[in-house]
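An overview of the molecular structure
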Amino acid sequence: MPWVALLLAAGGVAVLSALLMVLYMGSLVTSPKPMSLSGAHVVVTGGSSGIGKSIAVECFKQGAFITLLARNESRLVEAKKEIEKYAVNDKQVVQCISVDVSKDCASVERVIKQAQDKLGPVDMLVNCAGTSVTGKFEELGISNFEELMSVNYLGSVYPARAVITTMKERRMGRIVFVSSQAGQVGLFGFTAYSATKFALRGLAEALQMEVKPYNVYITVAYPPDTDTPGFAEENKTKLLETRLISESSPVCKPEHVAKIIIKDSIQGKFSSSVGTDGHMLNVLTSGMSPMSSLAEALETVLCMGVFRIIGQYYIASFDSIVRRCMIQKEKSEKTD
Ligand SMILES: NC(=O)c1ccc[n+]([C@@H]2O[C@H](COP(=O)([O-])OP(=O)(O)OC[C@H]3O[C@@H](n4cnc5c(N)ncnc54)[C@H](OP(=O)(O)O)[C@@H]3O)[C@@H](O)[C@H]2O)c1
């Protein structure tokens, strides 16, 4: 029957087009050679606490030499002692240098030069120094917006500037920017914080295009809520709405988050996520970001629509939390 033949032909064309699309995408995706951390020099900003300290431990366990950068000297010394317990050979060194990564580019360049003079050129830079403030947009101080942009954004630009030329000359290197899930979706109370974490993504995408021909790979990590001193501090002043929204996903251990970030950076993956929610957010926000494998490229093409529907369900439930809190507050104000 002619319509059966027509259907078969249409099916054949669809299968052929899908195959061609897969072949075309495969030709576009370039996966870098994984990097070995044995003997490598890894600089971790914010390496004296939380996720940064766990990242330093993870790299040290893989045989790296570590430079920790943060402000508080006694916390740096404590972290150094803790990390040294995980040595895998007797040549490994952990050095720490006190610096405020947000203040001026020249002093950050100076300490990174100092670090390189002792441990050689930087093979991997992990920008983990960061801080957060939550609050309603109109109730946060303008200084909060300025400080967060200085620490979370400029505090990642300066160290990256200090290592990039040598990485390009050596035609090797990895840079990690630690963003946040709040750098993929804007949530109640995070107007100051989210903007700084979204900014890292723009920086990373543009920089990746510049340095890819030099075999330098950038990773943007999007950790979920993680049990760290910084997270405990943030919780002290978290608004009810923000807390209720955050409670919809579990809190992770910093060691687990660190393992994933380092594994993804070693493999040269552009986006690094943790858990099922994180994975879904990665697919949803992949946009024009570089793809690190054919499997990743195909997954984004095939799953984007379904994940968009699931994502809208989450947004609707967060909106409903915000509305309920507002009604409750108005009721209690009337009765007062
Ligand atoms: N914990 C979470 O739930 C979570 C979730 C998503 C993303 N993140 C991100 O992950 C990163 C680490 O967070 P965390 O929770 O592990 O934080 P944390 O426990 O508070 O540690 C922050 C580290 O950054 C350093 N630091 C802060 N400001 C600095 C500055 N101006 N100059 C140099 N060092 C500075 C701190 O040392 P000093 O104070 O001594 O300088 C400390 O070593 C941050 O970028 C954060 O935004 C965290």
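So, here is what we can say about the structure in this document. Given the structure is predicted, the values throughout are model-derived calculations rather than measurements.

On to the site of the ligand, then. Around the ligand, a shell composed of 30 residues is seen, among which Ser48, Ser49, Arg71, Tyr193 and Thr228 lie nearest. Contact between the ligand and Asn72: an oxygen atom at 2.8 Å from a main-chain N or O atom of the residue. Here an oxygen atom of the ligand sits 3.0 Å away from a polar atom, N or O, in the side chain of Arg75. Compared with its free state, where it exposes 890 Å², the ligand has 92% of that area covered by protein. The element best represented in the shell around the ligand is helix H7 (residues 229-236), accounting for three residues. Residues of the shell around the ligand, tallied by class, amount to 13 nonpolar, 12 polar and five charged.

Within the element layout of this structure, Ile262 appears in helix H9 (residues 254-266). Among the residues examined, Ile262 registers a relative accessible area of 0% and is labelled buried. Residues Ile262 and Thr219 lie 43 residues apart in sequence; the distance between their C-alpha atoms is 9.4 Å. Once you skip the residues sitting within four places of it in the chain, Ile262 turns out to touch Leu37, Ile55, Glu58, Cys59, Gln62, Met124 and Val126.

What follows deals with the environment of Leu187. On the secondary structure map, Leu187 appears in the loop between strand S5 (173-178) and helix H6 (191-211). Considering only alpha carbons, one finds Leu187 and Glu333, 146 residues apart in sequence, at a separation of 25 Å. The contacts of Leu187, once residues within four sequence positions are left out, are Ser194, Ile245 and Phe318.

Attention now goes to the sheet that holds strand S2 (residues 65-70). Strands sit in the order S3-S2-S1-S4-S5-S6-S7 across an open sheet of seven strands; the sheet is parallel. Each having just a single partner strand, strand S3 (94-98) and strand S7 (271-273) make up the two edges of the open sheet. When strand polarity is set aside, the average angle formed by the axes of neighbouring strands in this sheet is 20°. For strand S4 (residues 124-127) and S5, the ladder comprises four bridges, and the chain directions are parallel. Bridge assignment links Met124 to a residue of S5, and that residue is Arg174. Lying on the sheet, helix H3 (residues 73-84) is in contact with S2 and S3; it crosses S3 at an angle near 170°. Lying on the sheet, H9 is in contact with S4, S5, strand S6 (216-222) and S7; it crosses S7 at an angle near 155°.

Right, let's get into the packing of helix H5 (residues 142-170) against H6. As a packed pair, H5 and H6 sit with axes 8 Å apart at the nearest point and diverge in direction by 15°. Classed by the angle they form, the pair H5 and H6 counts as roughly parallel. In this structure, H5 meets H6 at a crossing whose hand is right-handed. Two secondary-structure elements touch here, H5 through Phe145, Leu148, Met149, Asn152, Tyr153, Ser156, Val157, Ile164 and Lys168 and H6 through Thr191, Ala192, Tyr193, Ala195, Thr196, Lys197, Ala199, Leu200, Leu203, Leu207 and Val211. Split by residue class, the contact of H5 with H6 holds 14 nonpolar, four polar and two charged.

Procedures and definitions
Residues numbered from 1 in each chain as written. Predicted model: local features only at pLDDT ≥ 70, side-chain atom pairs only at ≥ 80, totals over all residues. Heavy atoms only, no water. Near = heavy atom within 4 Å. Polar contact = N/O pair within 3.5 Å; in protein donor to acceptor, adjacent residues only side chain to side chain. Areas by Shrake-Rupley, 256 points an atom, 1.4 Å probe, with all protein chains shown as cover. Helix = DSSP H or I, 4+ residues; strand = E, 2+ residues; numbered from the N terminus. Nonpolar A, V, L, I, M, F, W, Y, C, P; charged D, E, K, R; others polar. Buried < 20%, exposed > 50% of the residue type's maximum accessible area, 1.4 Å probe, protein only. Contact = heavy atoms within 4.5 Å. Pairing = 2+ DSSP bridges. Axes fitted to C-alpha atoms, helices over the stretch in contact; angles between N-to-C directions. Parallel < 35°, antiparallel > 145°, perpendicular 65-115°, else oblique. Left-handed = near helix turned anticlockwise from the far one by under 90°.

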